[in-house]
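Observations on the model geometry
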Amino acid sequence: KQWYQRRVRGNPKDVVCSLYPHTQSGPRIHFFDFQGTFEDSVEWFLKGGMANGCYWTHNKEYFMNERKYKILHINFEELTLKKRSAIQKINSFLGYGDLAEQQITAVEEATALHQLAPNQVGKPGSARRLLSFEQRSLFDARTEKEFDGIPYIPRSYTDESSYQKQS
């Protein structure tokens with residue numbers, strides 16, 4: 001049997017915004033070794049803090065192993081902003097035939113964010129509200145440096161004007 005790996009990656013600016021609520025007290029599950037303000041979490045993330053290690057290192061390891069394993073690289077923005085094409089891309093990657101429109105619609109409805117995570121903070125573009133321009137610029141610079149030469153990285157991950165155009 002062929003082994004398949006689907007790798008979903010989010011824009012690090014949005015990832016830090018999504019992760020922060022999980023670090024706070026309340027009804028959420030706590031699996032992060034972090035306590036502090038949102039600004040502290042941004043600094044922690046930029047220094048490599050995350051439950052499974054540094055965001056950039058973690059993602060680069062997948063890119064370095066893509067020839068060894070069959071890995072589909074897809075980003076969270078594709079899954080949410082271009083969902084129909086992402087469904088077809090995943091289906092094709094898994095080697096299935098073409099999907100009928102009603103099948104695509106059924107998958108699209110069953111995987112709607114409000115169905116999966118009604119309290120989700122980290123929707124694409126959330127960093128526009130939560131991060132300052134200076135913080136977003138730090139993320140852009142780090143991402144550009146860390147992912148230099150790696151394909152599949154959307155311009156919105158390293159370019160403020162492209163990020164602002166996301167809807």
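A brief look at the structure comes next. These figures come from a predicted structure and were not determined experimentally. (Residues numbered from 1 in each chain as written. Predicted model: local features only at pLDDT ≥ 70, side-chain atom pairs only at ≥ 80, totals over all residues. Heavy atoms only, no water.)

Moving on, we come to the nonpolar core. Residues F45, Y55, W56, L131 and F139 are the most contacted members of the largest nonpolar core, which totals 23 residues. If we skip the residues at most four places from it in the chain, L131 touches K13, V16, C17, F38, V42, R136 and F139. (Core = buried A, V, L, I, M, F, W, Y, C linked by side-chain atoms within 4.5 Å. Buried < 20%, exposed > 50% of the residue type's maximum accessible area, 1.4 Å probe, protein only. Contact = heavy atoms within 4.5 Å.)

Under the criterion given, the structure shown has seven aromatic pairs. Residues F45 and W56 carry aromatic rings whose centres are separated by 5.6 Å and whose planes lie at 70° to one another, so their mutual orientation is edge-to-face. With F45 in helix α2 (residues 38-46) and W56 in helix α3 (residues 55-64), this residue pair connects regions lying 11 residues apart in the sequence. The class of F45 is buried, set by a relative accessible area of 1%. Through a chain of ring-to-ring contacts, the aromatic side chains of F45, Y55, W56, F139 and F147 assemble into a single cluster. (Phe/Tyr/Trp six-rings, centres within 6.5 Å; stacked < 30°, edge-to-face > 60°. Helix = DSSP H or I, 4+ residues; strand = E, 2+ residues; numbered from the N terminus.)

Secondary-structure assignment places Y157 in the loop between α9 (133-146) and α10 (160-165). Under the relative-accessibility criterion, Y157 is labelled buried at 0%. For the pair formed by Y157 and G10, sequence separation is 147 residues and the distance between their alpha carbons is 8.8 Å. With near-sequence residues (within four places) excluded, Y157 lies in contact with R9, G10, N11, P12, K13, Y55, N75, E77, F139, D140 and T143.

On to the pattern of salt bridges, then. Following the criterion strictly, the structure yields seven salt bridges and no others. A salt bridge links K13 to D140; its shortest N-O distance comes to 2.6 Å. Residue K13 is located in helix α1 (residues 12-19), and its partner D140 is located in helix α9; the two are separated by 127 residues in the primary sequence. Exposure class is identical for K13 and D140. Each is buried. Across the pair K60 and E146 runs a salt bridge whose closest N-O atoms are separated by 2.7 Å. (Salt bridge = Lys/Arg side-chain N within 4 Å of Asp/Glu carboxyl O.)

The next point concerns the side chain of E146. Residue position: E146 is located in helix α9. Here E146 falls in the buried class, since its relative accessible area comes to 17%. Discounting residues that sit within four places of it in the chain, E146 has contacts with W56 and K60.

This next bit is on the environment of E160. Examined against the element boundaries, E160 turns out to sit in helix α10. Since its relative accessible area comes to 14%, E160 is described here as buried. Measuring from C-alpha to C-alpha, the distance between E160 and R128 comes to 9.7 Å, with 32 residues separating the pair along the chain. Leaving out residues up to four positions away in the same chain, E160 has contacts with F133, R136 and D140.

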